[in-house]
Amino acid sequence: MNYNEYFKKLYKKSQIEFYEDLEKKLQNNDKTFIITANPETFKYAQSDKEMSTMLNDKNTISVPDGIGVVKAAQILGIDIKERIAGIDIANKLLELGNKSKKSIYFFGSKQEVIDDLLKVVHEKYPDLKVAGYQNGYVKDRDKVMNEMIKKEPDIVLIALGIPEQEKLIYKYLDKFKKGIFVGVGGSFDVMSGHKKRAPKIFIKLNLEWLYRIAKEPSRLKRFYNNNIKFIFEIKKERKKSKN
């Protein structure tokens, strides 16, 4: 078990610098696959070769989505400026896409969530063109991706959960001529207003995970398995590297 390679490739600058890079890529039509990496992503990659390949691919950008990743990097002596949350990236892409009159495709979540998300987009981002959308309950995901390729969207947000969303993007990435691609997990629920995000004070103090557990206690086991165990594994790795 070695996490070091994943951490070496993580985006290490600030959120502001990341957004500046993102805007340039959007303007230049640079095809970009962003992986929002949290402890669960890294742990999954330990037993999944495809996910590990994605994280190590020089053409993908991994960002530290999750304070657990930032803390783990500190333990390993790797300097990462700050957490860059997937939902913040998604919202920023809506803003940048609206500003530059770009197009977007939404894939994932329930139909009622997609419907309400589209209302939010039309109201708040009137210059952002919706190239297409599809809920996550469609049987033929390959058909959706092939239709998406024809529409050539500038931004693609896929909310199918880890690792399905990342694997689907990676499978079809070479067939797209351009686009910013991000797997955004449950972000559509929050962006559409179906779920409330943690209050700003929780976000500022990097305690968004605590708010989620308080709202959904069923998350506690998942948090322990993916975050607490992850930190123990990182500490072991650090100890081995010192010996």
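Here the structure is a predicted model, which is why all the values come from computation and not from measurement. (Residues numbered from 1 in each chain as written. Predicted model: local features only at pLDDT ≥ 70, side-chain atom pairs only at ≥ 80, totals over all residues. Heavy atoms only, no water.)

**Q** Mind laying out the overall build of the protein chain, listing which residues take part and the relevant values?
**A** On a plain count of helices and strands, the protein chain comes out with 13 helices and six strands. In terms of overall size, the protein chain behaves like a compact globule, its C-alpha atoms giving a radius of gyration of 18 Å where 243 residues would be expected to give roughly 18 Å. Each principal axis of the C-alpha distribution contributes one length, and for the protein chain these read about 55 × 40 × 35 Å. In the protein chain, buried positions account for 48% of the 243 residues. For the protein chain, the proportion of contacts with a sequence separation of at least 24, taken over those separated by at least 6, is 78%. Charge centroids of the protein chain, computed over 48 positive and 33 negative side chains, lie 4 Å from each other. (Helix = DSSP H or I, 4+ residues; strand = E, 2+ residues; numbered from the N terminus. Rg over C-alpha atoms; globule rule 2.2 N^0.38 Å. Buried < 20%, exposed > 50% of the residue type's maximum accessible area, 1.4 Å probe, protein only. Contact = heavy atoms within 4.5 Å. Lys, Arg positive; Asp, Glu negative; His and termini not counted. Charge placed at Lys NZ, Arg CZ, Asp CG, Glu CD.)

**Q** Describe the pairing of strand 5 (residues 155-159), naming the residues involved and giving the relevant values.
**A** Where burial is concerned, most of strand 5 is hidden: five out of the five residues are buried. Here strand 5 shows no split at all, with I155, L157 and A159 on one side and V156 and I158 on the other all buried. Bridge count for strand 3 (residues 103-108) against strand 5 is five bridges, and the pairing is parallel. Its bridge partner lying in strand 5, I104 is registered against I155. For the segment spanning strand 5, helix 9 (residues 164-172) and strand 6 (residues 180-183), crossover handedness is right-handed. (Pairing = 2+ DSSP bridges. Right-handed = clockwise from strand over helix to strand, strands pointing away.)

**Q** Can you break down the side chain of S62 residue by residue, with the values?
**A** Following the sequence through the fold, S62 ends up in strand 2 (residues 60-64). Its relative accessible area of 1% is what places S62 among the buried residues. Those residues in contact with S62 that sit more than four places away from it in its chain are K9, L10, Y11, I35 and L55.

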